[in-house]
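Residue-level structural notes
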Amino acid sequence: LQTFIVNPMMFDSRFADLGLTPKKGILLYGPPGTGKTSIGRALAHRMKGKFFMIDGTIFSESADFFYPKVRAVFDQAKLCTPSVIFIDDADVLMQSERLHGLNRYLLTMLDGLETETAGKVAVILTAMDPNQMPAALLRAGRVELWLETKLPDARARREILDSNLTKLPERLGAYDAERVKVATE
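We now turn to the structure provided with this report. (Residues numbered from 1 in each chain as written. Predicted model: local features only at pLDDT ≥ 70, side-chain atom pairs only at ≥ 80, totals over all residues. Heavy atoms only, no water.)

The geometry of an aromatic ring pair is captured by the separation of the ring centres together with the interplanar angle, meaning the angle of the planes. Tallied over the entire structure, the rule returns two aromatic pairs. Ring geometry for tyrosine 29 and tryptophan 146: centres 5.9 Å apart, planes at 75°, overall edge-to-face. Of the two residues, tyrosine 29 sits in strand β1 (residues 25-29) while tryptophan 146 sits in strand β5 (residues 145-148), which places them 117 residues apart along the sequence. Where phenylalanine 51 meets phenylalanine 86, the ring centres are 5.4 Å apart and the plane angle is 35°; that geometry is what we call tilted. Taken together, the residues span a long stretch of sequence, with phenylalanine 51 in strand β2 (residues 50-54) and phenylalanine 86 in strand β3 (residues 83-87) at a distance of 35 residues. (Phe/Tyr/Trp six-rings, centres within 6.5 Å; stacked < 30°, edge-to-face > 60°. Helix = DSSP H or I, 4+ residues; strand = E, 2+ residues; numbered from the N terminus.)

What follows is the structure, encoded as structure tokens:
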């Protein structure tokens, strides 16, 4: 993300001289709880930009209201660059019967980010199963960077536990790190 998104957006004059532009579309895929949303928020923070979320909560209204809301998010992100538009659970959204045509609408929105003014907008889509995503949406030029997120292995879980548990007051006593590591599988 630093190499393909942040650097070209933040140091655009240096990268433009080399003919390098930031990737517009990013797919984060993996099981729930692997930090996909945290990555999106961290990217926006790293770019000193705004974070815009499109997720299942936007579906509480009819499809007639959904599409204008999506357009409003894209329009607002273009005005507040640098920014990240985060489309959570895109694989599920694309399968929704209520939102027939969402993938075509998103294609139009993504293609609209090619302009000079929209050059500092990154779109992150998340999916548990990238095979459920429309191929046209994932082709080069739209979603160009795929990153898999995984559940932490035993070593990583131990490091996470150690990092967090060292912050606890000593009066809570020692803990059996091996037992806790195994229990967090």
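After that view, the rundown keeps rolling.
Within this structure, the stated rule accounts for two salt bridges. With a shortest N-O distance of 3.1 Å, aspartate 162 and arginine 158 are connected by a salt bridge. A residue pair is termed a helical-turn pair when its members lie 3 or 4 positions apart in one helix, as aspartate 162 and arginine 158 do in helix α8 (residues 154-165) at four residues. (Salt bridge = Lys/Arg side-chain N within 4 Å of Asp/Glu carboxyl O.)

A separate point is the sheet that holds strand β4 (residues 121-127). The strand order β2-β3-β4-β1-β5 describes an open sheet built from five strands, whose pairing is parallel. The sheet is open, and its two edges are formed by β2 and β5, each paired on a single side. Averaged over all neighbouring strand pairs, the angle between strand axes comes to 20°, with direction disregarded. Two elements, β1 and β5, share four bridges in a ladder whose sense is parallel. (Pairing = 2+ DSSP bridges. Axes fitted to C-alpha atoms, helices over the stretch in contact; angles between N-to-C directions.)

We now examine the pairing of β4. The buried fraction of β4 is high, at seven of seven residues. The alternating pattern of β4 places Val121, Val123, Leu125 and Ala127 on one face and Ala122, Ile124 and Thr126 on the opposite face, and all of these are buried. Bridge analysis of β1 against β4 gives five bridges, and the strand direction is parallel. Paired with leucine 28 across the bridge in β4 is threonine 126. Note: β3 against β4, five bridges, orientation parallel. Its bridge partner being in β4, valine 84 is matched across the sheet by alanine 122. (Buried < 20%, exposed > 50% of the residue type's maximum accessible area, 1.4 Å probe, protein only.)

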